[in-house]
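Report on the structure
Now for the letters of each chain:
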2 protein chains.
Amino acid sequence: MIKTIVGTADFIESLRGKKATFMLALSNTKTANIEGITQAGIPGMIHLTPTLDSEFLCTGEVRSLDNIAETPKGVPTPALITRGVHLLSPYSRIELLDLGLEVKPKVDYFKLYNFDIEPSDNIAKGANIDAQTLFQKGVEFGQSYKCQDDYIILGESVPSGTTTAMATAIGLRYKAKEAFSSSFKNVPNDIRKNTLKLALSHLNHKDDIFAILGKLGDNMLIFNAGFILGLNNQIPLVLAGGTQMASVLLIVNKILRLMGGTMETSNLALCTTKWVAEDENSDIKALIELLQFPINAYYSDFDFSLTNHPALKLYDEGEAKEGVGAGGALMYANLNGISKENITKQVEAFLQ
Amino acid sequence: MIKTIVGTADFIESLRGKKATFMLALSNTKTANIEGITQAGIPGMIHLTPTLDSEFLCTGEVRSLDNIAETPKGVPTPALITRGVHLLSPYSRIELLDLGLEVKPKVDYFKLYNFDIEPSDNIAKGANIDAQTLFQKGVEFGQSYKCQDDYIILGESVPSGTTTAMATAIGLRYKAKEAFSSSFKNVPNDIRKNTLKLALSHLNHKDDIFAILGKLGDNMLIFNAGFILGLNNQIPLVLAGGTQMASVLLIVNKILRLMGGTMETSNLALCTTKWVAEDENSDIKALIELLQFPINAYYSDFDFSLTNHPALKLYDEGEAKEGVGAGGALMYANLNGISKENITKQVEAFLQ
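Since this is a predicted model, take the numbers as computed values, not measurements.

Quick word on the overall build of chain A
- Counting secondary structure elements, chain A contains 14 helices and eight strands.
- A globule of 352 residues ought to have a C-alpha radius of gyration of about 20 Å, and chain A, at 18 Å, matches this closely.
- Each principal axis of the C-alpha distribution contributes one length, and for chain A these read about 55 × 40 × 40 Å.
- Taking all 352 residues of chain A together, 65% fall into the buried category.
- Excluding contacts between residues fewer than 6 apart, the proportion of contacts in chain A whose partners are at least 24 apart in sequence is 82%.
- Summed over all atoms, the accessible surface of chain A reaches about 13,300 Å², with 47% contributed by carbon and sulfur.
- Charge centroids of chain A, computed over 32 positive and 39 negative side chains, lie 4 Å from each other.

This is the structure:
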């Protein structure tokens, strides 16, 4: 089932049976190199996570490393969910956005958009992003994008992206500190607090919005804020993610206010997982309610209650929550009649 | 699952969720009248097999005979698989190519292309095909063909087509004798050897490529070689077949060499069944590796291990292997999330 966090069921129900382009935004921030800040990947190889996620989503194979990214505790990447849904009820197409990758995914035949974007730096030292140029690239992409399907599901794979998302929201002066999740169950608050403190220390009161984003953000956040404004409500867009996608919306909100502009958002929604929606360490609803435009937000109530696989059980225990558009993928499965049983079996099959 | 014989998974994975036209090339060669050379049909009625296959694929009914073609041992036609997949996850459209049929299929509403082609003669006496004209018809069809879907699956139904395919490849001087399968488990080597010997005896050293094809080939092989060249990589094309489709590619390869030409083949692939890919009496991989252009080749790992039906079990025992695009159909099923269980049940239902 798809449950409503904010708004009504109508938007998402209107997409039932419609065709979707699955778009995956990929980026590296050197913030992920801070020891212990993320478990989204293999220690020392964290930067490969978006590369491996996208290879696996497209081809069912990981090519840039022997094994697919697992967290140290053995939680498998949510790419297994996103790929599993694709096998059961395929997205009409998968498109990859290279928003600054250390290593390009090794896939042919799939659209891989290149925007000449470099991985961003560690926010503890200043992310060092030319945010205005990057934002403009997103706007232009949105303005020129021709969707070949009925709607877009936009996911992301950005290791340590919840940290940059939190820093960005706080840097933009939202009261959002308590509302952010991370990929850790026991959120590493000391490491994050310290990172956040260092990151915020680079701000000064003259910083405009792009200066703030350039110090605290990551490429995915900034580019996608531009992409949303560029699309301008012309194509139904489901942001498939949790607090990171909420932070994208917070950037959009801030830019609209700055410009004194408004934008129709009737075709814009967010959809995340149950693990995010019910997370006790974050509050996706509170983040969305900070927005000054109306938006629908949903979550899929899928969980791993039907499996006995210990690695998957860790999701239900809060060890992993979202990523690679898993929430949007699970929504898509529901919109296309795929059962919880079948998804569970398919994901289990990857681990055999 | 779809497994890779040659190349990488990317081409076929990029078709996941895409829409397909299923095209079935139908032809008779009097070679099939040689007693014992094929079991693709009812003795004395072998020439009806492509007609019945196409009627059943399109309508679920056989109209030109009381019962659907079975081999003497009772192996049902692979059209059951191709039709079964269509019931579970329909091809966007089915189109029939009449490349020289004794009896036209009795179907309305389905596109049946007519090219004014007569059934070809027995290769033991010389197939007597105007190969250049036939080839040119294929080229023109490919050049003018407007695909209404994302890609084409091209299957065939040509009784005794493995024999003509083998003769053609050998006649074109490929070292391919051991690499060809037939629809028999215990390949009737004496009958085939004798047929082959007689067929090759008609060649003389002055024969150009079209003269050779005209003596040894069948209409499907020659027309489709032209079709591929006419399409010229503009539309993704999956050749759904085993050694016969490999022989089509060998003709394409020879013609390209003759012309000193090259062709992009990134949108061209072959997909066959597990029964062909794992056949001990033929070597599809070796045939494909004779090509001087790159190509992706795959097989579906579907088998009848989930059934107890004795007639279907004969497939797993090697009594039947491919035909009516079964390999491509099984690939299409996988690309659209149809499980092995469901295909098995659907095919079983036809036999009840």
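A closer look at the sheet that holds strand 2 (residues 20–26) of chain B
All names here are of chain B.
- Taken in spatial order, the eight strands line up as 1-8-7-6-5-2-3-4 in an open sheet, and their pairing is mixed. Each of the sheet's edge strands pairs with one partner strand only, and the pair in question is strand 1 (2–6) and strand 4 (111–114). For this sheet, the mean angle separating the axes of adjacent strands, direction not counted, is 25°.
- Judged from the four bridges that link them, strand 1 and strand 8 (residues 296–300) form a sheet pairing that is antiparallel. What sits directly across from K3, in strand 8, is Y299.
- Most of the contacts of helix 2 (residues 49–59) go to strand 2, to which it runs at about 160°, and overall it touches strand 2, strand 3 (93–98) and strand 5 (151–157).
- Contacts from helix 8 (residues 219–231) reach strand 2, strand 3, strand 5, strand 6 (237–240) and strand 7 (268–273) within the one sheet, and its direction differs from that of strand 5 by about 170°.

Observations regarding the relation of the copies chain A and chain B
- For these two chains of identical sequence, chain A goes onto chain B by a turn of 117° and a shift of 0.8 Å along the axis, with RMSD 0.0 Å. Expressed as a symmetry operation, the mapping of one chain copy onto the other fits a three-fold axis.
- When you check the interface residues of chain A against chain B, a mere 6% turn up at the interface there too, and the two sides of the contact use different surfaces.

Side note on the interface of chain A and chain B
- Taken together, the 18 residues of chain A in the interface contact 17 residues of chain B.
- Between chain A and chain B, roughly 1,200 Å² of surface is buried when both sides are summed, and carbon and sulfur atoms account for 49% of that area.
- On the chain A side of the contact with chain B, A:L87, A:P90 and A:Y109 bury the most area, a combined 42% of that side's loss.
- Applying the counting rule to chain A against chain B returns two salt bridges.
- Here B:E13 ties to A:R83 by a salt bridge, and the two come within 3.0 Å at their closest N and O atoms.
- At the junction of chain A and chain B, the tally comes to five residue pairs in polar contact (both at pLDDT 80 or more).
- For the side of chain A that touches chain B, the secondary structure elements donating two or more residues are helix 2 (49–59) and helix 3 (79–88) of chain A.
- Grouping the constituent residues of the side of chain A that touches chain B by class yields eight nonpolar, three polar and seven charged.

Here's the deal with the pattern of salt bridges
- All told, the structure shown has 23 salt bridges over all chains when counted by the stated rule.
- Here A:E102 ties to A:K30 by a salt bridge, and the two come within 4.0 Å at their closest N and O atoms. Taken as a pair, A:E102 in the loop between strand 3 (93–98) and strand 4 (111–114) and A:K30 in the loop between strand 2 (20–26) and helix 2 lie far apart in primary sequence, 72 residues in all.
- By relative accessible area, which is 33% here, A:K30 ends up partly exposed.
- The shortest N-O distance in the salt bridge between B:K340 and B:D303 comes to 2.9 Å.

Procedures and definitions
- Residue numbering note: each chain is counted from 1, following its sequence as written.
- Each chain gets a letter, beginning with A, and each ligand a number, beginning with 1, in the order they are written.
- In keeping with the predicted nature of the model, local features appear solely for residues at pLDDT of at least 70, side-chain atom pairs appear and are counted solely at 80 or more, and the whole-chain, interface and lining totals rest on all residues.
- Hydrogen atoms and water are omitted, and side-chain values are computed over all heavy atoms in the structure.
- Numbering of helices and strands runs from the N terminus, with a helix taken as a DSSP run of H or I at least four residues long and a strand as a DSSP run of E at least two residues long.
- Each radius of gyration is computed over the set of C-alpha atoms, and the globule rule expresses the reference value as 2.2 Å times the number of residues to the power 0.38.
- Exposed residues in this analysis have more than 50% of their type's maximum accessible area, buried residues have under 20%, and partly exposed residues fall in between, with area computed by a 1.4 Å probe over protein chains only.
- Contacts are assigned to residue pairs with any non-hydrogen atoms lying within 4.5 Å of each other.
- All accessibility values rest on the Shrake-Rupley procedure with a 1.4 Å probe; residue burial counts only the protein chains present in the view.
- We score Asp and Glu as negative and Lys and Arg as positive, and we do not count His or the chain ends.
- Taken as the charge location is NZ of Lys, CZ of Arg, CG of Asp or CD of Glu.
- Strand pairing is assigned whenever DSSP detects at least two bridges linking the two strands.
- The angle between two axes is taken between their N-to-C directions and runs from 0 to 180 degrees, where each axis is a line fitted to C-alpha atoms and a helix contributes only its stretch in contact.
- The copies were overlaid with a least-squares fit restricted to C-alpha atoms from residues scoring a pLDDT of at least 70 in each copy.
- A quick way to say it: buried area is the sum, across both parts, of accessible area lost when two parts are put together, with a 1.4 Å probe.
- A pairing counts as a salt bridge when a side-chain nitrogen of Lys or Arg comes within 4 Å of a carboxyl oxygen of Asp or Glu.
- Residues adjacent in sequence count toward polar contacts only when both atoms are side-chain atoms; beyond that, a polar contact is any pair of N or O atoms within 3.5 Å, and within protein one must be able to donate a hydrogen and the other to accept it.
- Lys, Arg, Asp and Glu make up the charged group, whereas Ala, Val, Leu, Ile, Met, Phe, Trp, Tyr, Cys and Pro make up the nonpolar group; the residues left over, Gly among them, are polar.

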